[in-house]
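# Topology and contacts: notes
As a plain string of letters, each chain reads:
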Amino acid sequence: MVRIVKKHVIFPGLQLYTRADMIGDSIYCYFRHGRKAVRRSMETADLGVAIQRAVDLYNRFQAGEGDRTAEKVVRKPSFATVAKSFLQSVESHSDYANKETVVRRFFVPFFGDELDRTIDAVTQNDIAAYLEWRRTYHSRPRQSEQVAYDRNGKRILAKRQTYGEPTGKTLNRENIALRQLLDHATIMGWLKKADVPTVPAMKQKKNRRRAFSPSDYDRACRVAQERIEAVADARQRHQRTVLLDFLIVVRFTGLRPHEAYGLTWADVHMEDRFLHVAGGKTGERDVALLDDEVVDRLHEIRKRHTKQHGGKLDPATSVFAGFTGKPTGDVKKAFGTLLKACRFQHSTAKDYCQYSLRHLYATDLVGRGCQDGILAKLMGTSREMIQDFYDHATVE
């Protein structure tokens, strides 16, 4: 008896599978034609190619001798099948994780599960309905207001994070993946170019970026240091120290938060005074360490880490390491607690976020006369973004 290892349904009546008794990774297809069971090797391990060959084979059988023209059915793959093939085709892309998230969280649940569409059945009205569905995605009632997660082997219940309506910028970024998925369907021959629905560009608000004022940043650093000195628990003290490290490094490098979390000591070149950003939003770049304050802080962090590792520091160690030595995932909660403790005179905690440190870096360099092109390279963004959001800025 043949043991099937993995099965993938293209549409009801046509499926792919792999067999445990065969040498190699060839994918097989199975369907029924009348009373006959048809099984064929697709002679490939590539899912996208196998889907195309299986659909072609199925359609050839449907158009076989003895069938009437009116009974010939040309089936196209389901939206979910095309989505899986698309993700496999972009698996090597640097932004694969983002594409996978929007495909699995939004595209497949709507077009595949809710509408139950084959790829050629997606219409312009479906695209409009999806955009409205996506806008209200986070405002729909959920079964539970709590979410469970594991922390150090313990199951923790926490309040589910809430989100507002996505901005035009967020929708446009997600819709790039939707256009690419539809283009992939045309490349594979499952959709004619003339039948591809248009995914419209959404209007975007050009909000001025709220940067920390220098006085509020200084206050945040003072309060952060006071909170370190006020706690005796070693774990809490470490977490608050990492938060202060984060404040200073991001303020004087303009890194995006996720770029900072990804830094290792292999990326820090102290003698030449620059950081290498490997996982940037716009690719790799080098960031000059222009101020002594950030250089001094990095020396202090490295000295602390070297001592913790017994006098020898592994270059792969994260610059922002947690209490157990693992990379810090996010300081968002600690950052919010610190802002509330600051009690700013002319601002509130809600006025600022982690990106406000990056914006202070930009406004500071603009005020010091840095050219737009140079600043754009340092920050890993475009000259247009600098001109739109930072050229107006002044600092105290």
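### Some words on the overall build of the protein chain
When helices and strands are tallied, the protein chain shows 13 helices and nine strands. Scored against the burial criterion, the 396 residues of the protein chain give a buried share of 41%. Within the protein chain, contacts between residues at least 6 apart in sequence are counted, and of these 56% link residues at least 24 apart. Roughly 23,100 Å² of accessible area belongs to the protein chain as shown, and the carbon and sulfur atoms make up 49% of that amount.

### Remarks on the sheet that holds strand 9 (residues 285-288)
Across the sheet, three strands lie side by side as 7-8-9; this open sheet has antiparallel pairing. One side of each edge strand has no neighbouring strand; the edge strands of this open sheet are strand 7 (268-269) and strand 9.

### Re the packing of helix 11 (residues 355-367) against helix 12 (residues 372-379)
Where helix 11 contacts helix 12, the axes come no closer than 11 Å and their chain directions differ by 155 degrees. Taken together, helix 11 and helix 12 sit at an angle that is classed as roughly antiparallel. As for the relative orientation of helix 11 and helix 12, their crossing is right-handed in sense. Residue-level inspection shows Arg358, Tyr361, Ala362, Leu365 and Val366 of helix 11 in contact with helix 12, the latter providing Leu375, Leu378 and Met379.

### Here we look at the packing of helix 2 (residues 79-89) against helix 5 (residues 168-187)
Between helix 2 and helix 5, the least distance of the axes is 9 Å, while the angle of their chain directions is 100 degrees. Regarding the angle of helix 2 to helix 5, the classification is roughly perpendicular. Along the contact surface, helix 2 presents Phe79, Val82, Ala83, Ser85, Phe86 and Ser89, while helix 5 presents Ala177, Leu178, Gln180, Leu181, His184 and Ala185. Its residues assigned to classes, the contact of helix 2 with helix 5 shows eight nonpolar, four polar and no charged.

### With respect to a positive patch on the surface
A contiguous patch of positive charge on the surface is contributed by Arg151, Lys154, Arg235 and Lys333. Checked against the element boundaries, Lys154 lands in strand 6 (residues 154-159). On the accessibility criterion, Lys154 (58% relative accessible area) is exposed.

### A word on the confidence of the model for the protein chain
For the protein chain, the mean per-residue pLDDT works out to 85, and 89% of the residues sit at or above 70. Low confidence marks residues 65-73, where pLDDT is under 50. Its contacts with residues over four positions away, or in another chain, come to nine contacts.

### Some details on the pattern of salt bridges
One pass over the structure, following the stated rule, counts 15 salt bridges. In this structure, Glu259 engages Arg285 in a salt bridge whose closest nitrogen and oxygen atoms are separated by 2.9 Å. A residue pair is termed long-range when its members are at least 10 positions apart, and Glu259 in helix 8 (residues 257-261) and Arg285 in strand 9 qualify at 26 residues. In this structure, Asp291 engages Arg368 in a salt bridge whose closest nitrogen and oxygen atoms are separated by 3.7 Å. Of this pair, Asp291 sits in the loop between strand 9 and helix 9 (292-308) while Arg368 sits in the loop between helix 11 and helix 12, and the two are 77 residues apart along the sequence. For Asp291, a relative accessible area of 18% puts it in the buried group. Residue classification places Arg368 among the partly exposed residues on the basis of a relative accessible area of 47%.

What counts and how
- Residues numbered from 1 in each chain as written.
- Predicted model: local features only at pLDDT ≥ 70, side-chain atom pairs only at ≥ 80, totals over all residues.
- Heavy atoms only, no water.
- Helix = DSSP H or I, 4+ residues; strand = E, 2+ residues; numbered from the N terminus.
- Buried < 20%, exposed > 50% of the residue type's maximum accessible area, 1.4 Å probe, protein only.
- Contact = heavy atoms within 4.5 Å.
- Areas by Shrake-Rupley, 256 points an atom, 1.4 Å probe, with all protein chains shown as cover.
- Pairing = 2+ DSSP bridges.
- Axes fitted to C-alpha atoms, helices over the stretch in contact; angles between N-to-C directions.
- Parallel < 35°, antiparallel > 145°, perpendicular 65-115°, else oblique.
- Left-handed = near helix turned anticlockwise from the far one by under 90°.
- Nonpolar A, V, L, I, M, F, W, Y, C, P; charged D, E, K, R; others polar.
- Patch = residues over 30% accessible without salt bridge, like charges linked within 9 Å, V, L, I, M, F, W, Y side chains within 5 Å.
- Salt bridge = Lys/Arg side-chain N within 4 Å of Asp/Glu carboxyl O.
- Lys, Arg positive; Asp, Glu negative; His and termini not counted.
- Charge placed at Lys NZ, Arg CZ, Asp CG, Glu CD.
- pLDDT = per-residue confidence, 0-100.

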